[in-house]
Amino acid sequence: MASWKTITRRSFIVLGAAVVGGAAFGAYKVAEVPANPLVPVPGSVPLNPWVIINADGITVIAPRAEMGQGISTTLAALVAEELDVDWAQIRVLHGPPAQAYYNAGFVERMSNEPDYRLSKADNTPNAVLAALPKILSMQMTGGSTGAIGGFLQMRLAGAGAREALKAAAAKRLGVLPDTLKTEAGKVIGAQTFTYAELAEEAATLVPADVALRDPSTWRFVGKSMPRLDMVAKSTGTETFGIDMTLPGMKFATVRMNPKRGGPMASFDPAAALVLPGVDQVIRLGSGIAVVANNTWTAMQAAALVDIQWGPADYPADTAAMLTRIEAAFATAPDSRLRDDGDVETELGKGDVIEAEYRIPFLAHAAMEPLNATAWVKPDGAVEVWCGNQAPILTRDAIAAALRIDSAKVTLHTPSMGGGFGGRTDPVPAVLAARIAAAMPDTPIKLTYSREEDMTQDFYRPAAIARLSGRLEGGKATALWGRTAAPSATHSALGRLIGFAPPGPDRATVEGGFDQPYGLPNYRYDGHIADLTVPLGFWRSVGNSMNAFFLESFIDELAHAAKADPLQFRLDLMRDTHAPSATLLETVRDMSGWDRLKRPGFGRGVAFCYSFGTPVAEVLEVQDTPAGIKLTRAWIACDPGLAMDPSIIEAQMTGGMVYGLSAAIHGAITFDDQQVVERNFPDYDPLRMHTTPSFEVKILQNNGTFGHIGGVGEPGTPPAAPALANALFDLTGTRARELPLNRTFNLMT
Amino acid sequence: MSYSLSINGATRQIDLPGDVPLLWALRDGLALTGTKFGCGIAACGACTVLIDGQAVRSCQIPISDANGEITTIEGLGQPGALAPLQQAWVTHQVAQCGYCQSGQIMQAAALLSATPDPTDQDIDDAMQGNLCRCGTYPRIRAAIHDAAQMMKAG
Ligand code: FES
Ligand code: FES
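Residues numbered from 1 in each chain as written. Chains lettered and ligands numbered in written order. Predicted model: local features only at pLDDT ≥ 70, side-chain atom pairs only at ≥ 80, totals over all residues. Heavy atoms only, no water.

## Brief notes about the overall build of chain B
So, step 1. Across its full length, chain B holds six helices and five strands.
So, step 2. Ordering the α and β elements of chain B from the N terminus gives β-β-α-β-β-β-α-α-α-α-α.
So, step 3. Rg of the C-alpha trace for chain B: 15 Å, near the compact-globule value of 15 Å for 154 residues, within the 12% margin.
So, step 4. By its C-alpha atoms, chain B is 45 × 30 × 25 Å across when sized along the principal axes.
So, step 5. By the burial criterion, 59% of the 154 residues in chain B qualify as buried.
So, step 6. Restricting to contacts in chain B with at least 6 residues of sequence separation, those with at least 24 account for 55%.
So, step 7. Taking the average location of the 8 positive side-chain charges in chain B and that of its 13 negative ones, the two points are 9 Å from each other. (Helix = DSSP H or I, 4+ residues; strand = E, 2+ residues; numbered from the N terminus. Rg over C-alpha atoms; globule rule 2.2 N^0.38 Å. Buried < 20%, exposed > 50% of the residue type's maximum accessible area, 1.4 Å probe, protein only. Contact = heavy atoms within 4.5 Å. Lys, Arg positive; Asp, Glu negative; His and termini not counted. Charge placed at Lys NZ, Arg CZ, Asp CG, Glu CD.)

Structure (C-alpha cells):
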C-alpha cells in the first residue's frame, strides 16, 4: 500500500512553504515553517508538509481522513487550483500524526453563539483561537470542518509550492519569477521545465510572498471533480485498514466486557485453544484477544472462551437509564445558551402547548467493522495501521499503552469504510498494539466482529426533551425547550484528553438553541444526566437529537395554529436569516409542496442550521399495502461557497439516508447492562427499495464570500423530523418517540 | 487440509480448515481483499461474489463447498481495464466510503447477466440485500441502468 512514508522514501522532494496569519485574500507572508513530519530523503530539504513532487506526479498530503465524505478530493482540488497541475497528475495520501496538520476549522465550532448570527466574512481564525486546536492536538476529522480548515491552508500550500518552483526556474533562466507562468505541471518561460525537474532546487527556496488566485479564475474549486478514490473504490483495489496485508501476518479478534467499563473477573481459554488454527488467547484487561491463522477461526474461538464479566457502573436496562435521564430535569441547567425575550412571562399567560419527546441511544454501524493492524518490531518500535479521526491522540494512546515514547510509534491512517464519528476513539489501535506487543515481530491484524463493533461502540446519547410554546393570533410567541441527556462531549473528551472542558455543553442543545427562528421569546436549556454509558460523536452530534425535538414541536405549533407547517416556519425565519428562509422557499418550490397533499400521501418538512450550513428537507410518504413507503425527498442546502457540487449532493443525500435509517429502525437498548442489538438485522438501515428518490439544490447565499459550511453532517438532522412530520400528515398520529417503527408500519 | 478453488480463472490452493468460509479464504488466505467483511451472517451483502455466475454471500459458503467458478471483484475488471459496470460506477461517482461497493457491483453483475435491461423494480428486488451505510442507493440505481445501456450497445 502506498503511504506517505514509502512515497517520501521513493521520491525525493517535498516542497513549498507554510504560512501563518493573513487576511482572507491577497498576499500572504511566508513565515516560520511548522516541523515537517514527512520523512526526508538524503540530499533533500523538505519544506512543506502538504505537497510532494516526483516524476510520477503530484502527491497531496491530506490533513483530514477520508471516510467517504470526499474530503481528500476537495483538499487536493484546493492545492491543484494554485499549483497549476492537471487533475490526472494528482494523487492524495493521508498525512502522519503531526501538529502541522491541525484542523483550523475546529475553532469555528468553539463558539456558543448560534452559527447563523456569526457574520464573519471568512474562516480565518484569530491568532489566539487558532492556537487552540494545536494545543489540543486536534489533527482531527470531525465537526464537518475539513473543507473549512483546508480552504486557506491547502491553497497556500499549492501557491507556496508554485512560487518556489517559479523561483527555481527563474534562477536557472536568470529572470525574475514574475516573468514566468505555470501550466499543467510545468514552469514556462524562455525554456519550459517540468515541476519534477525543478523540485529539488525549489525545495531549498522559500518564496517571500504568495498571492492566491482570484476566485473568478478557479478551475477546480467549485466544480464537480472526479473523485480521486473512485476507480479504486469501484474495482476493490482501495486499501481500507481492514485490508492490510503484511508478511507473516496473524489474524486476531477481541471480546471485551459487554458491561462497558466493567472488569473481567476470570476467563478460561481451554475450549478456544483446541480449535485448529488458533495460536493464542491473550488477556487484555477487561477482555481477551484470540490470535489465529485466519480471522474467522479467531472469531469462532473467541466465542468459546469462557469469561466471567464484572459489572458496569450504569443502570441495568434502558428503562432505568431513561429514569436517570428524566431526573436531570430536576437539576440546575448546565446551559441556557439562548434566552431571548421573557419566556416565563409569556408562557405565564396560559394556553401553553407542551410536548415531551424521547430518543434512543444510537450506534455508528459503519460498513467497515472496527479494525487495526500493528507490528511491534525487534527494536521495540511499533507500526500501526488504523483508520482514525484523530492521529495524534491515537499515536499517543498507543505509546502510553505500550509504555514507549511517541516517537517510536508510526501510525498510518488508511481510508475508512465509513466513520460517521465512530472512529475518533483510539481503542482498536491500542488493542491491536497490545496484542502485537504480546507477539513481537509478528504483524497482527485485529478485526472486530460486527457484534463486537456494535456492542463496543461509543453511542449517540439517548435523550428526553420537554418543549413548551404559546400561540397568539396564529403566531408563535414563545418557545422554551429543555433537553436532558448524558453528555457525549464529557464522555468522549474525558476518554480522549483526560478532562471535559469547563463551561456549558453546546452539544447537548445544538440544533435546539441555535436555530434562526425569530420567536420574540425563545429559551433553550440543557440538562446533563448522570449516566456513564460510553458515548461518542454521531454524525451531526447534538443536532441529530435537538432537530427532532424542535422541528417536531414547531410542526405541532403550526398544526395547533392551523397554519401550513412550511409557511409557519417561513414566517418565523424570514426576518431572522434570509438564506435560511430562501431554502424553505426552495424546497417548497422543488417539491411542489402545495400539490403534495393528496389522498394516500403525506408530506413533511424540517429544517436545521448546523455546521455552518442550513438545510431544509421535504419528504413524501405513501400508504401502500406493503406498509408506509418513503417515496420522494427534496433537499435544499446552503453551505456558502460550494466546493464540489457532486460531493455535496452525495453528502446531503447520504446524510439524509443515515438520519432516516436511524429514525425508522435505530435504537441501541440495554438489558443486564449489555447492548441488545448485535448485528444488522437488529439495527437495520434503509435499503435500495426503501430509500426515496432525491432531488438536491445547492444555494450559495449563506454568509459573505469565503464562508464554507460543512457538508458531511448537516443533511442528517432534518431527516427524522421531516419523516415524523410526514407520518403525522399521513396518519394524524404524532410520534414523539424514536425509532418510528415502534409507532408506524413502515415498509421494510 | 488443502482445498483447490477456481478463482478468477486460476486454480488456487488454500490451506485452511474446510469450514472456514470462502470470504476468509479469499481475504486472509489469498490476500484478495476486494471482497469485504460486513456482518458475517448474510445480512449485508458486502462479501458478495459470483459462483458460476450466481451472486452468493461468501461469508456463508465453507471452502469445502465452494465448488464452481468463483469470480470476485478483482476478476470483474481492473483499474486500467474497467468492466462496463465499473465504468458506470465511476461515471456516476457512486462510491462514498466505498466499502460496500465490491458487493454492490458483484450483485449488480449477477442482475445484469440474468436481466440485461432491468426495471427499477428488478433493481429493488435484486439489490435490497446489499446495505450501504453511506446511502449511495440512488447513484447505484442510476449506474446500473447506465451499465445496462452500455452493455446493450456493446
Ligand atoms: S459479510 Fe457476508 S453478508 Fe455481510
Ligand atoms: S459507500 Fe460506504 S457503505 Fe456504501
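On we go.
## Details of the pattern of salt bridges
Residues and elements named next belong to chain A.
So, step 1. Applying the stated criterion to the full structure yields 51 salt bridges over all chains.
So, step 2. E620 is the salt-bridge partner of R632, the closest N and O atoms lying 3.0 Å from each other. With R632 in strand β26 (residues 627–637) and E620 in strand β25 (residues 613–624), this pair connects stretches of sequence that are 12 residues apart.
So, step 3. A salt bridge links R742 to E737; the shortest N-O distance between them is 3.2 Å. (Salt bridge = Lys/Arg side-chain N within 4 Å of Asp/Glu carboxyl O.)

## Some points on the domain arrangement of chain A
Note: interface size is frequently given as the accessible area lost on complex formation between the parts.
Residue and element names in this part refer to chain A.
So, step 1. Here chain A is partitioned into domain 1 (19–220), domain 2 (248–312 + 365–455) and domain 3 (331–362 + 458–742).
So, step 2. Domain 2 and domain 3 are separated by 36 Å when their C-alpha centres are compared.
So, step 3. Contact residues are listed per partner, giving 19 residues for domain 2 and 20 residues for domain 3.
So, step 4. Of the roughly 1900 Å² buried at the junction of domain 2 and domain 3 (both faces included), carbon and sulfur atoms supply 60%.
So, step 5. Here domain 2 and domain 3 share two salt bridges between them.
So, step 6. Applying the counting criterion to the domain 2 and domain 3 interface returns seven residue pairs in polar contact (both at pLDDT 80 or more). (Domains from an automatic or database assignment. Buried area = accessible area lost by both parts, 1.4 Å probe. Polar contact = N/O pair within 3.5 Å; in protein donor to acceptor, adjacent residues only side chain to side chain.)

## Points about the packing of aromatic side chains
Residue and element names in this part refer to chain A.
So, step 1. Taken as a whole and judged by the stated rule, the model has 13 aromatic pairs over all chains.
So, step 2. Seen in terms of ring centroids, W538 and Y658 are 4.9 Å apart; in terms of plane orientation they differ by 35°. Their pairing is tilted. Here W538, found in the loop between β23 (521–528) and α16 (543–560), pairs with Y658, found in helix α20 (residues 645–665); they are 120 residues apart in sequence, far enough to count as distant.
So, step 3. You can call W538 buried: its relative accessible area is 2%.
So, step 4. The structure contains a cluster of three or more aromatic residues connected by ring pairs, namely Y314, F361, Y459 and F670.
So, step 5. Positioned above the aromatic ring of W375 is the side chain of K377, whose terminal nitrogen or guanidinium carbon lies 4.7 Å from the ring centre. (Phe/Tyr/Trp six-rings, centres within 6.5 Å; stacked < 30°, edge-to-face > 60°. Lys NZ or Arg CZ within 6 Å of the ring centre and 35° of its normal.)

## Comments concerning the domain arrangement of chain B
All names here are of chain B.
So, step 1. Split by domain assignment, chain B resolves into domain 1 (2–75) and domain 2 (84–153).
So, step 2. Distance from the C-alpha centre of domain 1 to the C-alpha centre of domain 2: 21 Å.
So, step 3. Contacts between the two partners involve 16 residues from domain 1 and, on the opposite side, 13 residues from domain 2.
So, step 4. Of the roughly 1100 Å² buried at the junction of domain 1 and domain 2 (both faces included), carbon and sulfur atoms supply 57%.
So, step 5. The interface formed by domain 1 and domain 2 contains zero salt bridges.
So, step 6. Along the contact surface separating domain 1 from domain 2 lie five residue pairs in polar contact (both at pLDDT 80 or more).
So, step 7. Among the elements that take part in the side of domain 1 that touches domain 2, strand β3 (residues 48–51) stands out by supplying three residues, more than any other.
So, step 8. Looking at side-chain class alone, the side of domain 1 that touches domain 2 contains eight nonpolar, six polar and two charged residues. (Nonpolar A, V, L, I, M, F, W, Y, C, P; charged D, E, K, R; others polar.)

## Some words on the sheet that holds strand β16 (residues 352–359) of chain A
The strands making up a sheet associate through hydrogen bonds between their backbones, and the pairing can be parallel or antiparallel.
All names here are of chain A.
So, step 1. As summarised here, the arrangement of the five strands in space is β15-β23-β22-β21-β16, forming an open sheet in which the pairing is mixed. Both outer strands of the open sheet, β15 (335–340) and β16, are each paired with one neighbouring strand and no more. Neighbour-to-neighbour, the strand axes of this sheet turn through a mean angle of 10°, independent of strand direction.
So, step 2. Two elements, strand β21 (residues 463–472) and strand β22 (residues 475–485), share nine bridges in a ladder whose sense is antiparallel. Counted as the bridge partner of R466 is R482 from β22.
So, step 3. In this fold helix α9 (residues 318–327) packs onto β16, β21 and β22, with an angle of close to 50° to the strand it touches most, β21. (Pairing = 2+ DSSP bridges. Axes fitted to C-alpha atoms, helices over the stretch in contact; angles between N-to-C directions.)

## What to know about the environment of A88 of chain B
Residue and element names in this part refer to chain B.
So, step 1. Structurally, the position occupied by A88 is in helix α3 (residues 84–91).
So, step 2. Along the backbone, A88 and G18 are 70 residues apart, and their C-alpha atoms lie at a distance of 37 Å.
So, step 3. The residues contacting A88, other than those within four sequence positions of it, are A143, D146, A147 and M150.

## Examining the sheet that holds strand β8 (residues 192–194) of chain A
Residues and elements named next belong to chain A.
So, step 1. Spatially, the three strands line up as an open sheet ordered β6-β7-β8, and their pairing is antiparallel. Only two strands of the sheet have a single partner each, and these edge strands are β6 (181–183) and β8. Averaged over neighbouring strand pairs, the angle between their axes works out to 25° when direction is ignored.
So, step 2. When β6 meets strand β7 (residues 186–188), the two strands line up antiparallel, connected through three bridges. Residue pairing in the sheet places E183 in a bridge with K186 of β7.
So, step 3. Against the sheet, helix α5 (residues 195–202) contacts β6, β7 and β8, and its axis sits at roughly 75° relative to β8.

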